[in-house]
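Below are the chains, spelled out letter by letter.
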Amino acid sequence: MPKNILRGSRVKRSSKRANDFISSIGFDAPIAKHVVSINMAHMLSLLRSKEVEEEVASANLRFLAGLPEVMRLDPNTEDVHHMIEQDAIKAIGMDTAGYLNLGKSRNDQVATALRMETRLRLLSLAEALVDVQKSLVSLTRKYGKLLMPGYTHLQHAQPVTVAHHLQGYFEAFQRDIDRISDAYKRVNLSPMGSAALAGTAVRVDREYVASLLGFDGLAKNAMDAVSSRDFALESLSTAAMAMINLSRVAEELVLWSSLEFGFVEIPDEYAATSSIMPQKKNPVVAETVRAKCGSVLGELTAAFAITKALPNSYNLDLQEVTPHLWRGLADTTESASLTASMLASMRFNKDRLDASLREDKSTATELANRLTRAHGVPFRQSHAIVGELVRSSIERGVSLEDVAAQELARISERVTGHPVKIDKHELHSALDALKTLELTDSAGGANPLLVSSLVLEDSDSVKRNASWIIQTKTSLNKAEARLREGARRTSIGVKTRR
Ligand code: ARG
């Protein structure tokens, strides 16, 4: 028997450098346990259709069941698929392990194993994003009522509440989770039984193998099953999208924790100091999340570029996607998980938020609305009148309220031909941040009652998300238990009803 089962017949000479170069063993660790499960399920299926004898199946299943959870991957092998088969032949002999690869190829096996690990990683990512949502809801409960400036162009625009701002983030993460659960449906389809690309004459029961491995269905066309990696690209895309949203939060935390804003205090655990400037408290975790977004986009771009324009069907190029897939999903999950913890213990500073709204003129829009709705001025003219009031307030260094009290009649007469008269009380309430907030009650607006009803719905969404994750994990665990039990019974020679 040749030392390397994949060599010796068709290709004779080998080069260590070339072998190292084309080996995936350095990044096969995440799929090792799945490859063992696939071999088990495949062997059970071969036995069921009488393609192998009981003794062959039981010897292989005993060997596979005895493999440690965390396998030591031999750096001198081409990949984990090759290593397991070679180890089996060494351990239990050709007469039994020689049948392990009957009716299967590394091509369907690797695609299957990648999907099995990807689905777990999608679930972990969804879990971390649900944690972010939980932190947002709890922050909202604590600080939601506080007023803060709402920005456009990073300039004060209109007053909002902390709840309105945070609820917006919540929505974005809900879409990320929805995208993950949607992608999961296309990831969780089994390629096994496709063999190299054409299917096989060997009787493999694809449905049976799929169910033993916890899949919801089959990747139907054998060529597509072995050659497509859009499940990986789609998973990475959902991760990249989530990273975009996480990076937006991170950027605001960096800004908000600066002296100029001072809106939030980042918990010490998520900050670091400077090696030279003893006063520094740097928001290093938020900065790193912001940067990881770039890294994940890089992984996504690499994966897209590698798979672009590949001819059908399997090409070794596909193997190069794998490390990008693992890194992209891992970075995103860790970023989400750290963001969740950081938000959970973050504090808002009411005094700084209040100070930022003082004389920021962000209630000007509501004053213009009032000139139109209560005093019959066309909105474009109301806009011009209030714009002039703001300019004059800034030039004279006097509050908008005082300027309006003194100049509204004169300016409105110049703009419209008729002086608008507003009494002190009406003017005061038109320029009050909380009052204007209460008025902005169009659906999805900043009105505090509307926002709190959305926050209530958010708690329901969190529950639904969490229960999808639990149900999905439970069904994977059940399949795994059935597979192990089937393998155990066969390996000790217990006849199972077919
Ligand atoms: N190691 C490969 C991968 O990760 C699987 C092996 C396919 N090799 C082959 N010659 N068909 O994609």
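The coordinates are above.
Everything numeric in this text was worked out from a predicted model, so none of it was measured.

Novice: Any chance you could explain the pairing of strand 2 (residues 155-161) here in plain terms?
Specialist: Regular strands place their side chains on alternate faces of the sheet. The sheet contact formed by strand 1 (residues 147-152) and strand 2 spans six bridges and is antiparallel. Looking at strand 2, one finds that Met 148 is bridged to Val 160. The hairpin formed by strand 1 and strand 2 contains two residues between the paired strands, and His 153 there has a positive phi angle of roughly 55 degrees.

Novice: Looking at this structure, I do not really get the pattern of salt bridges. What am I missing?
Specialist: For side chains of opposite charge, pairing can occur when their charged atoms come near one another. Counted by the stated rule, this structure contains 28 salt bridges. Across the pair Glu 51 and Arg 203 runs a salt bridge, and its minimum N-O distance is 3.2 Å. Of this pair, Glu 51 sits in the loop between helix 2 (29-48) and helix 3 (54-65) while Arg 203 is found in the loop between strand 3 (189-190) and helix 8 (206-212), placing the two residues 152 residues apart along the sequence. Note on Glu 51: relative accessible area 23%, which makes it partly exposed. Between Asp 131 and Lys 134 there is a salt bridge; the shortest N-O distance is 3.9 Å. Of this pair, Asp 131 and Lys 134 both sit in helix 6 (residues 106-143), three residues apart, roughly one helical turn. Taking the relative accessible area as the measure of exposure, Asp 131 reaches 34% and is therefore partly exposed. For Lys 134, a relative accessible area of 43% puts it in the partly exposed group.

Novice: Just checking my understanding: could you explain the side chain of Asp 28 for this structure?
Specialist: Tracing the chain through its elements places Asp 28 in the loop between helix 1 (16-22) and helix 2. Of note is the side chain of Asp 28, whose polar atom sits 3.0 Å from the backbone nitrogen of Val 80. Beyond its immediate chain neighbours, meaning those up to four positions away, Asp 28 contacts Leu 73, Asp 79 and Val 80.

Novice: I'm lost on the site of the ligand in this one. Help?
Specialist: Contacts to the ligand come from Ser 24, Asp 79, Arg 106, Asn 107, Val 110, Tyr 314 and Gln 319. Contact between the ligand and Asp 79: a nitrogen atom at 2.8 Å from a side-chain N or O atom of the residue. In this structure, Asn 107 approaches the ligand through a side-chain N or O atom, which is 2.8 Å from a nitrogen atom. Grouping the constituent residues of the shell around the ligand by class yields two nonpolar, three polar and two charged.

Novice: Explanation requested: the nonpolar core in the structure shown.
Specialist: In globular proteins that are soluble, nonpolar side chains generally tend to be buried together. Ranked by internal contacts, the top residues of the largest apolar core, which has 113 residues, are Leu 213, Leu 253 and Phe 348. Counting residues per element, this core draws most heavily on helix 6, which supplies 16 residues. Formed by 19 residues, the second largest nonpolar core is a distinct cluster that contains Ala 364, Val 386, Leu 389 and Leu 408.

Novice: Can you help me understand unusual backbone geometry in this one?
Specialist: Across residues other than glycine, the phi torsion is negative in most instances, and most of the peptide bonds are trans. Geometrically, the link from Asn 312 to Ser 313 is a cis peptide bond, its omega value of -5 degrees lying close to zero. Positionally, Ser 313 belongs in the loop between helix 11 (284-307) and helix 12 (322-344). Phi at His 153 takes a positive value of approximately 55 degrees, unusual for a residue other than glycine. Within the secondary structure, His 153 sits in the loop between strand 1 and strand 2. For Ala 309, which is not glycine, the phi dihedral falls at a positive 60 degrees. Checked against the element boundaries, Ala 309 lands in the loop between helix 11 and helix 12.

Novice: Is there a simple way to think about the environment of Ala 336 in this case?
Specialist: For Ala 336, the position within the fold is in helix 12. By relative accessible area, which is 0% here, Ala 336 ends up buried. With 266 residues separating them along the chain, Ala 336 and Val 70 place their C-alpha atoms 26 Å apart. In contact with Ala 336, not counting residues within four places along its chain, are Ala 128, Leu 129, Val 132 and Leu 246.

Novice: Looking at this model, I keep getting lost on helix 4 (residues 80-92). Mind explaining?
Specialist: It helps to recall that an α-helix has 3.6 residues per turn; residues three or four apart then point in one direction. Here helix 4 spans 18 Å end to end across 13 residues, near enough to the 18 Å set by a 1.5 Å rise per residue. Residues Val 80, His 81, His 82, Met 83, Ile 84, Glu 85, Gln 86, Ala 88 and Ile 89 constitute the buried set of helix 4. Contacts made by the buried residues of helix 4 are with helix 2, helix 3, helix 5 (94-97) and helix 6. Of the residues flanking the start of helix 4, the one acting as N-cap is Asp 79, its side-chain oxygen 3.2 Å from the backbone nitrogen of His 81. Remark: Gly 93 follows helix 4 within two positions and exhibits a positive phi of approximately 95 degrees.

Calculation criteria
Residues numbered from 1 in each chain as written. Predicted model: local features only at pLDDT ≥ 70, side-chain atom pairs only at ≥ 80, totals over all residues. Heavy atoms only, no water. Pairing = 2+ DSSP bridges. Helix = DSSP H or I, 4+ residues; strand = E, 2+ residues; numbered from the N terminus. Salt bridge = Lys/Arg side-chain N within 4 Å of Asp/Glu carboxyl O. Buried < 20%, exposed > 50% of the residue type's maximum accessible area, 1.4 Å probe, protein only. Polar contact = N/O pair within 3.5 Å; in protein donor to acceptor, adjacent residues only side chain to side chain. Contact = heavy atoms within 4.5 Å. Near = heavy atom within 4 Å. Nonpolar A, V, L, I, M, F, W, Y, C, P; charged D, E, K, R; others polar. Core = buried A, V, L, I, M, F, W, Y, C linked by side-chain atoms within 4.5 Å. Expected span 1.5 Å × (residues − 1).

Function-wise, these values are silent; they only describe arrangement.
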